[in-house]
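Now for the letters of each chain:
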Amino acid sequence: MKSDGKKHLLVVDDEPVILQILKAVFEEEPWKLTLVGTGTDAKRIIENEPVHLLLTDKNLPDINGMELLKLAKQKEPLTEVIILTGYGSLETALAAIELDAFDYVLKPLNNVFDIRKKVRQAFAKQDVSLENRRLIAELREKNGALEAALEETRSLQAELIQSEKLAGIGTLAAGIAHEISSPLFGIMGLAEAIADEQDLSLAQSYAREIVEYCRTVRDIVVELSSYSRAATNEYLTTVELSRVIQDAIRLVERSSDTAGVHYETNIEADLHLHARTNEIQQVFVNLVKNATEAVREAEPGTEPGANAPAKSPGGGVVRVSAGRAGNHVWITVSDNGPGIEPDKQKLIFDPFYTTKAPGKGTGLGLNIVYRIVTKYRGAIHVESTLGKGATFELRFPIER
Ligand SMILES: Nc1ncnc2c1ncn2[C@@H]1O[C@H](COP(=O)(O)OP(=O)(O)OP(=O)(O)O)[C@@H](O)[C@H]1O
Ligand SMILES: [Mg+2]
């Protein structure tokens, strides 16, 4: 049933006089008017064309007005029905209302204006119902579209999670390659040194260092296969900071091009962390390696800034300092390299962020550093002024 177009008013009464009166009442209205004298005719019309309003006598000889009401409502629930009934059938009229008739009109028809008013009201009510129905349909449609969009978002989210997992595996694999590559560099350097070494006792000490690095690699592999990296305590020891920092510097010196780079340390005695040695060493190898690469890149001619270590005649200076303050241990790794632009400072801890030439850096060093530091409830941040070097500061809580 459409609310646009002409409304169709079907009038049913077996008394020709009544039909005559009603014809006169509704003739001038802008509705399509059909007047029939039998229930059978009315039924045929109801079945074959849209009827917006049925105005029917209750007592028809063939098909009862109440039957027509039910028929019309069955065909279209929004069809309005007004029942014409005699004084004596008031009860039936009330029953019609119960069957969802809009109203009833008592015969004889004393006040034709009253009938017209009721028909108009019925049409007005119907318009509201039709508009409601249209709105509900629209809402349903929109709801359906929203549900479809929600479903699509869900499946996109699942895909995203999946691809993030895959990316995570990639990061992990690259991270492991990165971790293993540092001790491998050390082993390579030592093996080359042994090849050229005439002094047997020196060669033996190099060999012992090689064994140490091999242990580190083995530990990394063991960790990988145990899958309980963060949870297990079995490798936690007391890590002596000055030793692990010296080792890290030596490792970098041996594995990278450090010509002209001067290393300084200023580390308070008896500074310890409760951690895994190879992880803490990993932190300082990465920071010292980055600082070394930065000062090497800066050569020649970068003027050191006020806070940066003074340049040695050869050029770059990397300084590692550490101490205790309150309930934490702090360590700084500073260099007098080119520094880091302010807007890049928040990116450098992201995995794969690198400014180094392809093949020179993976961009994972600082990400590994960050993960290890935070794993031990530590914090790391960088301070840098462009052209004046960079300082990475680490803090770890002192274990009670
Ligand atoms: N001391 C520093 N001075 C200037 N820039 C630095 C310093 N340390 C890190 N950076 C910047 O941060 C980036 C990321 O460092 P990160 O150690 O994560 O990766 P990378 O050194 O580029 O590669 P990889 O560590 O795998 O060799 C570097 O490419 C560099 O641009
Ligand atoms: Mg690095």
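Residues numbered from 1 in each chain as written. Chains lettered and ligands numbered in written order. Predicted model: local features only at pLDDT ≥ 70, side-chain atom pairs only at ≥ 80, totals over all residues.

Brief notes about the confidence of the model for the chain
For residues with low pLDDT, the predicted coordinates do not support detailed interpretation. Of all residues in the chain, 87% have pLDDT values of 70 or greater, and the mean over the chain is 86. The low-confidence segment residues 226-234 (pLDDT under 50) makes 3 contacts with residues lying over four places distant or belonging to another chain. Ignoring residues within four places in sequence, the model shows residues 301-306, a span with pLDDT below 50, making 14 contacts including any to other chains. (pLDDT = per-residue confidence, 0-100. Contact = placed C-beta atoms within 7 Å.)

Focus: the site of ligand 1
Ala294, Thr354, Gly361, Gly365 and Leu366 are the nearest of the 21 residues found near ligand 1. Elements that contribute at least two residues to the shell around ligand 1 include exactly helix 8 (277-298) and helix 9 (365-375). At 4 residues, the largest contribution of residues to the shell around ligand 1 is made by helix 8. Of the residues assigned to the shell around ligand 1, the class counts are 8 nonpolar, 11 polar and 2 charged. (Near = placed C-beta within 6 Å. Helix = DSSP H or I, 4+ residues; strand = E, 2+ residues; numbered from the N terminus. Nonpolar A, V, L, I, M, F, W, Y, C, P; charged D, E, K, R; others polar.)

Focus: the nonpolar core
Of all hydrophobic cores here, the largest spans 41 residues; its most connected members are Ala248, Phe284, Leu287, Val288 and Val369. At the level of secondary structure, the elements contributing two or more residues to this core comprise helix 7 (241-255), strand 8 (272-275), helix 8, strand 9 (317-325), strand 10 (328-335), helix 9 and strand 12 (390-397). Per-element accounting of this core gives the leading share, 10 residues, to helix 8. In contact with Val288, not counting residues within four places along its chain, are Ala248, Ile249, Val252, Val318, Val320 and Val333. Val12, Leu22, Leu54 and Val81 belong to the second largest nonpolar core, which has 26 residues in total. (Core = buried A, V, L, I, M, F, W, Y, C linked by C-beta atoms within 7 Å. Buried ≥ 20, exposed ≤ 12 C-beta atoms within 10 Å, placed from the backbone.)

Regarding the packing of helix 7 against helix 8
For the pair helix 7 and helix 8, interaxial distance at closest approach is 8 Å and the crossing angle is 50°. Here helix 7 is positioned oblique relative to helix 8, judged by the angle of their axes. Relative to helix 8, the crossing made by helix 7 is right-handed. Along the contact surface, helix 7 presents Val244, Ile245, Asp247, Ala248, Ile249, Leu251 and Val252, while helix 8 presents Thr277, Ile280, Gln281, Phe284, Val285, Val288, Lys289 and Thr292. (Axes fitted to C-alpha atoms, helices over the stretch in contact; angles between N-to-C directions. Parallel < 35°, antiparallel > 145°, perpendicular 65-115°, else oblique. Left-handed = near helix turned anticlockwise from the far one by under 90°.)

Let's talk about the sheet that holds strand 12
The sheet built from 5 strands is open, its strands ordered 7-9-10-12-11 with mixed pairing. Strands with a single pairing partner mark the edges of an open sheet, and in this sheet they are strand 7 (262-267) and strand 11 (379-384). If you compare each strand with its neighbour and ignore which way they point, the axes differ by 15° on average. (Pairing = 2+ DSSP bridges.)

Quick notes on the pairing of strand 12
With 8 bridges connecting them, strand 10 and strand 12 associate as antiparallel partners. Across the sheet, Ile331 pairs through a bridge with Leu394, a residue of strand 12. Here strand 11 pairs with strand 12 via 6 bridges, running antiparallel. Considered in strand 12, the bridge of Ser384 is made with Ala390.

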